[in-house]
Amino acid sequence: MTDYPPPTFDTSRPHSARVWNYYLGGKDNFPVDREHGDRTIAVFPQILDVARASRAFLARAITYLAAEQGVRQFLDVGTGLPVENNTHQVAQRIAPQSRVVYVDNDPMVLIHARALLAGTPEGVTTYLESDARDPARILAFARQTLDFSQPVGLMLMSIMGLIADLDEAYSIVRHLLGELPSGSFLVLEDGSDDRTSDPAPVPATNKDLSMADLNEVTTVGNGYHYRTVDQITRFFDGLELVAPGIVSPPYWRNNPEPDGPFAPLESCGVGRKP
């Protein structure tokens, strides 16, 4: 068991991982996070559907990789606080020998490191506290657990929108993918400001909500940066997009019920490295 240093975190300001945990019904958040979340919900109530649909997409994507593509290794960057259907839980239910490396820069996740490490006896689950902006460190750590001669599932869920500079975001993804072998997969979801990417329209209560307004009410810390569908698609340059391509999370290899989770302003996809 890794001997982690005592975590430190600021409870006077909301943190994106804790706010997201609140949206998902988790208990690992503070009053300041719930207050921020409630303000967002009041203006943009669909944020709860976004959170649920994102989590469901993650589970379906991991199931696709593990059950249909035989992937047994996962690198989850920006894992956030654990709720249900974490990457290692989904993967190891399908293949108990799966090996999972979690990466996050939220000190509070450190508190849950022991829980995250409690995977199956046959598999391995480990955790690195690091920022996505340091891909070299992430890859060096991941090599201690993952076999880079075998395919890896790289999970980037709602994390690239936290990188203000789009070119830097592309560079991070290229760096991470660059050292992964052929047959590896990129699973990526991020905020999209192209509302036409959703099969259903944004409800009338939000039709006049500008991106500036949305950024203002949802921003935590240094803010989140919505991209166009074309910009999100470019993260998959050089990869083979898995059908149905870049879509809203509820529609990736899924036929949602009409009254099911609705995820406006989100796009996702899965791509295979040739």
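To be clear, the structure that these remarks concern was listed above.
Predicted, not measured: the structure shown is a model, and the values here were computed from it.

## Details of the overall build of the protein
Alright, step 1. The number of helices and strands found in the protein is 10 helices and seven strands.
Alright, step 2. For the protein, the residues scored as buried account for 52% of the 274 residues in total.
Alright, step 3. Residue pairs at least 24 apart in sequence account for 74% of intrachain contacts in the protein once pairs closer than 6 positions are excluded.
Alright, step 4. Total accessible area on the protein is roughly 12100 Å²; 50% of this is exposed by carbon and sulfur atoms.

## Quick notes on the pattern of salt bridges
Alright, step 1. Applying the stated criterion across every chain yields a total of seven salt bridges.
Alright, step 2. One salt bridge in this structure joins D33 and R18, with 2.6 Å as the shortest N-O distance. Of this pair, D33 sits in helix 2 (residues 31-43) while R18 sits in helix 1 (residues 16-23), placing them 15 residues apart in sequence. Grouping residues by exposure puts D33 and R18 together as buried.
Alright, step 3. A salt bridge links D49 to R52, with the nearest nitrogen and oxygen atoms 2.8 Å apart. Pair noted here: D49 and R52 are both in helix 3 (residues 47-68), with a separation of three residues, about one helical turn.
Alright, step 4. For R52, a relative accessible area of 41% translates into the label partly exposed.

## Comments concerning the side chain of N29
Alright, step 1. Positionally, N29 belongs in the loop between helix 1 and helix 2.
Alright, step 2. For N29, a relative accessible area of 8% translates into the label buried.
Alright, step 3. Polar side-chain contacts of N29 include one of 3.0 Å to the side chain of N21.
Alright, step 4. Among the polar contacts listed, one links the side chain of N29 to the side chain of R34, at a separation of 2.7 Å.
Alright, step 5. Setting aside its immediate chain neighbours within four residues, N29 contacts R18, N21, Y22, R34 and M108.

## A short note on the nonpolar core
Alright, step 1. With 34 residues, the main nonpolar core has L75, L154, L156, M160, L186 and F235 as its most contacted residues.
Alright, step 2. Mapped onto this core, the elements with two or more residues apiece are strand 1 (73-77), strand 2 (99-104), helix 7 (135-142), strand 4 (153-157), helix 8 (166-178), strand 5 (185-191) and helix 10 (229-233).
Alright, step 3. Element by element, the count of residues in this core is highest for helix 8, at seven residues.
Alright, step 4. Among residues more than four places away in sequence, those in contact with L154 are L75, V77, L176, L177, L180, F185, L186 and V187.

Conventions and cut-offs
Residues numbered from 1 in each chain as written. Predicted model: local features only at pLDDT ≥ 70, side-chain atom pairs only at ≥ 80, totals over all residues. Heavy atoms only, no water. Helix = DSSP H or I, 4+ residues; strand = E, 2+ residues; numbered from the N terminus. Buried < 20%, exposed > 50% of the residue type's maximum accessible area, 1.4 Å probe, protein only. Contact = heavy atoms within 4.5 Å. Areas by Shrake-Rupley, 256 points an atom, 1.4 Å probe, with all protein chains shown as cover. Salt bridge = Lys/Arg side-chain N within 4 Å of Asp/Glu carboxyl O. Polar contact = N/O pair within 3.5 Å; in protein donor to acceptor, adjacent residues only side chain to side chain. Core = buried A, V, L, I, M, F, W, Y, C linked by side-chain atoms within 4.5 Å.

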